[in-house]
Amino acid sequence: MIRLRYERGWLLAKGGPIPFGEYDPALDAYRAPGIRYRDVVRELRERGVEFVDEALRPLVCPRLSSELKLRDYQLEALEAWRGAGCRGVIVLPTGAGKTVIALKAMEELSVSTLVVVPTLVLVEQWRERIEDAFGVDVGVVAGGREGVKPITVSTYDSASIRAGSLGNRFELLVFDEVHHLPSPTYSRIALCYLAPYRLGLTATPERSDGGHAALMELVGGVVYELGVEDLAGVYLAPYTIETVYLPLTREERKRYEEEFGEYASFLEARGIKIESGEDYRRLVVRSGRDPEVRRALRAREKALRIAYGSEVKLNYLRRLMREHPDEKMLIFTRYNDLVYRISREMLIPAITHRTPKAEREEILDGFREGRYLRIVTSRVLEEGVDVPDASIAVIISGTGSSREFIQRLGRILRKRRGKRARLIELVSRGTAEIGMSRRRRG
Amino acid sequence: MRLPQNLLRVRRRRGRIRPMYAARDELPLAERLISIYREHVDEKRWKLWEALEEVELMSYDPKLVRGLSTILDGHCIYQMRSLVDPLEARRLVYRLTRGRGVTSEEERRRVLEEAAEIFGITAEDLDESLYADLEEEYYLADFDPPEPMELLREYNLALTTTLLIHAVEMDLRYHGHPDDLEWLCRPLGECHVEEVGGETRIGVRLPSRARPSSRADHLERLIKALISMRAWSLWAVVHHPPSGRTYRFELIGGRDGWLLPSMGLYGGVSPSTAI
């Protein structure tokens, strides 16, 4: 009798040879890369070989159900993927709704799933999307957080590092921006995990190093592909979203580390863990009685200010303004002090909750009529503020905004002369902790 | 003067409620805040705010610091200082950039110089004018400093007023004629007046729906008048919105009077002098 086990990215077989397996005398076992799991099991069955499978030990996933509806081309894409044995890459342009296809695939299979994404911002976005769609708790393995659940979202980095222990816990792998996968470190994920089902999503499968050929092996080939020209005007969201990660200047980085370090070392010294918005609120309540907490929170606030108002971001904004001298641009940040700083430094009309109604109307009219081509504001999304069309929106945030927020902002953008509007988010790199907690505080 | 509800500091125990009045041990804080205000005359308000924040970061109750500075703001005159109307200044510079803003320091300077010339002022003054109408850009023009103990007493009066905004019933007693205070109680609600051997008792039932701001004004006037009377006391049933419960509150002239502004300051309020 053959017994299959999983060990550190390898499928081990004791008691007899397996297809694709190599004999390893040190282990006295046959071993094959994790990715071969499905082929091995299938062949053993076909040949009628008796075996015990102790390798795949998936987390138990509840039956998923959602209200999600797919468009025709999304259904076709899902169909094509299913037809390829629930493996393969779907290529669709930005804004065509790749995520929703993945959610539908997860719903149909209802098996334990690991979603792998490139950035922490995307981790949060996927977590929100999945929780919204299915109403289940989603685990996160990323940025030092460690919460494995039947549906888990992870970064390429964390998924790769944790391949040894997580590789046999999931049946479906979803790779967002799958063109990242064929790098030496990340391809480990595809090679080590047993998951028989794999879905890759991307708008741009080509890699300059020719790595896209490797996608065939790692995820299954491209099973469905549409370009912008196939969808333009019909299905695409009227805007594209770009996230630009910018560093802090050396000086800003130094001050940021000092301030944030003061906050972090205070938490550590007191043994306080901030894992949720609730934890943070409790800390704020304590600040009323405890001057040390007040000082720590002030240091955090200062660090945040450095991150959101970085000179590098403002220079990037200046560059965008130069590159698009005649297009209407809406600049958004929720920090009033930054609104006024930009207004004063760049001589751009500002709207905050403090702007008198008459002046606000005057500025919005001016923008509508094209007398003003830029507005900087902290309150576009509030009731009663009717923001005119813009073809470019720039969001200056601490470390990333929620998906809902971006979509709401996106709705006020319009197509212009057949060109899609652009939504550009400027985020400071390497200041994730703050962003996470703020976002959850919502 | 009343405080925002979130600055109200109270102690609740066995059905009783009492504001955390500032007594002599807060005198050093009072002195410190008064001197901070004094040092910031002719400075922009945001500088004052920063100095006050420093105090909050020390071992004081931030609600107390903010409450006291709310009182001190009442002793201040804040003033916009700008050679031209800030809104006009903004309009002009936006127009001069043709609504595109500026993307370099030189470009900015050129626009400001051009605008300044139109107004006949310097570019620096124009730059300062652009947002001179923001609260934090106002100047602390004049400050009339109270004595430290008087500051605490005004604060305590404001705490009392703020607490009583949620009073359901009040019972006032004092040596004197009903005419002295009854007219001040009427605007607050239904009154029941009694006079027993030189002591006047006024019961007031306060309706639950009243505009807090107008009620605060009436309350403040009444309390100021009450504490200028002889042998006064005040009982009240007070609703405490955060807990959703009601509490008893008492203030007795002989015991608590020294915590509140002295009679002389507001004394002699009566129908004849008030009109």
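Residues numbered from 1 in each chain as written. Chains lettered and ligands numbered in written order. Predicted model: local features only at pLDDT ≥ 70, side-chain atom pairs only at ≥ 80, totals over all residues. Heavy atoms only, no water.

Draft legend 1. Expanded view of helix H10 (residues 250-270) of chain A. For H10 of chain A, with 21 residues, the first-to-last C-alpha span of 30 Å sits near the 30 Å given by 1.5 Å per residue. At the exit of H10 of chain A stands Gly271 of chain A, carrying a positive phi of roughly 65°. (Helix = DSSP H or I, 4+ residues; strand = E, 2+ residues; numbered from the N terminus. Expected span 1.5 Å × (residues − 1).)

Draft legend 2. Spatial organisation of helix H13 (residues 311-323) of chain A. All names here are of chain A. Here H13 contains 13 residues, and its C-alpha end-to-end distance of 18 Å stays within 8% of the 18 Å for a straight helix at 1.5 Å per residue. Three or more residues of H13 are buried, namely Lys313, Leu314, Tyr316, Leu317, Arg318, Leu320 and Met321. Backbone nitrogen of Val312 and a side-chain oxygen of the N-cap are separated by 3.0 Å at the start of H13; the cap is Ser310. (Buried < 20%, exposed > 50% of the residue type's maximum accessible area, 1.4 Å probe, protein only. Polar contact = N/O pair within 3.5 Å; in protein donor to acceptor, adjacent residues only side chain to side chain.)

Draft legend 3. The arrangement of the packing of aromatic side chains in detail. Taken as a whole and assessed by the stated rule, the structure comprises 9 aromatic pairs over all chains. Ring centres of Tyr256 of chain A and Phe260 of chain A lie 5.7 Å apart, and the angle between their planes is 0°; this geometry places the pair in the stacked category. Taken as a pair, Tyr256 of chain A and Phe260 of chain A lie in helix H10 at a separation of 4 residues, close to a single helical turn. The pair Tyr256 of chain A / Phe260 of chain A is uniform in exposure class, with both members buried. A centroid spacing of 5.0 Å and a plane angle of 75° characterise the contact between Tyr340 of chain A and Tyr131 of chain B, whose relative ring orientation is edge-to-face. With Tyr340 of chain A in helix H14 (residues 336-346) and Tyr131 of chain B in the loop between helix H6 (123-129) and strand E4 (139-143), this residue pair bridges two chains. As far as burial versus exposure is concerned, Tyr340 of chain A and Tyr131 of chain B are alike and both buried. (Phe/Tyr/Trp six-rings, centres within 6.5 Å; stacked < 30°, edge-to-face > 60°.)

Draft legend 4. Region of the structure containing the sheet that holds strand E2 (residues 10-14) of chain A. Residue and element names in this part refer to chain A. The sheet built from 5 strands is open, its strands ordered E3-E4-E2-E1-E5 with mixed pairing. Each edge of the open sheet is held by one strand with a lone partner, namely strand E3 (22-24) and strand E5 (51-53). Within the sheet, the average angular offset between the axes of one strand and its neighbour, ignoring direction, is 35°. Here 3 bridges tie strand E1 (residues 2-7) to E5, and the two strands are oriented parallel to one another. Of the residues in E5, the one forming a bridge with Arg3 is Val52. Most of the contacts of helix H1 (residues 37-47) go to E5, to which it runs at about 150°, and overall it touches E1, E2, strand E4 (29-33) and E5. (Pairing = 2+ DSSP bridges. Axes fitted to C-alpha atoms, helices over the stretch in contact; angles between N-to-C directions. Contact = heavy atoms within 4.5 Å.)

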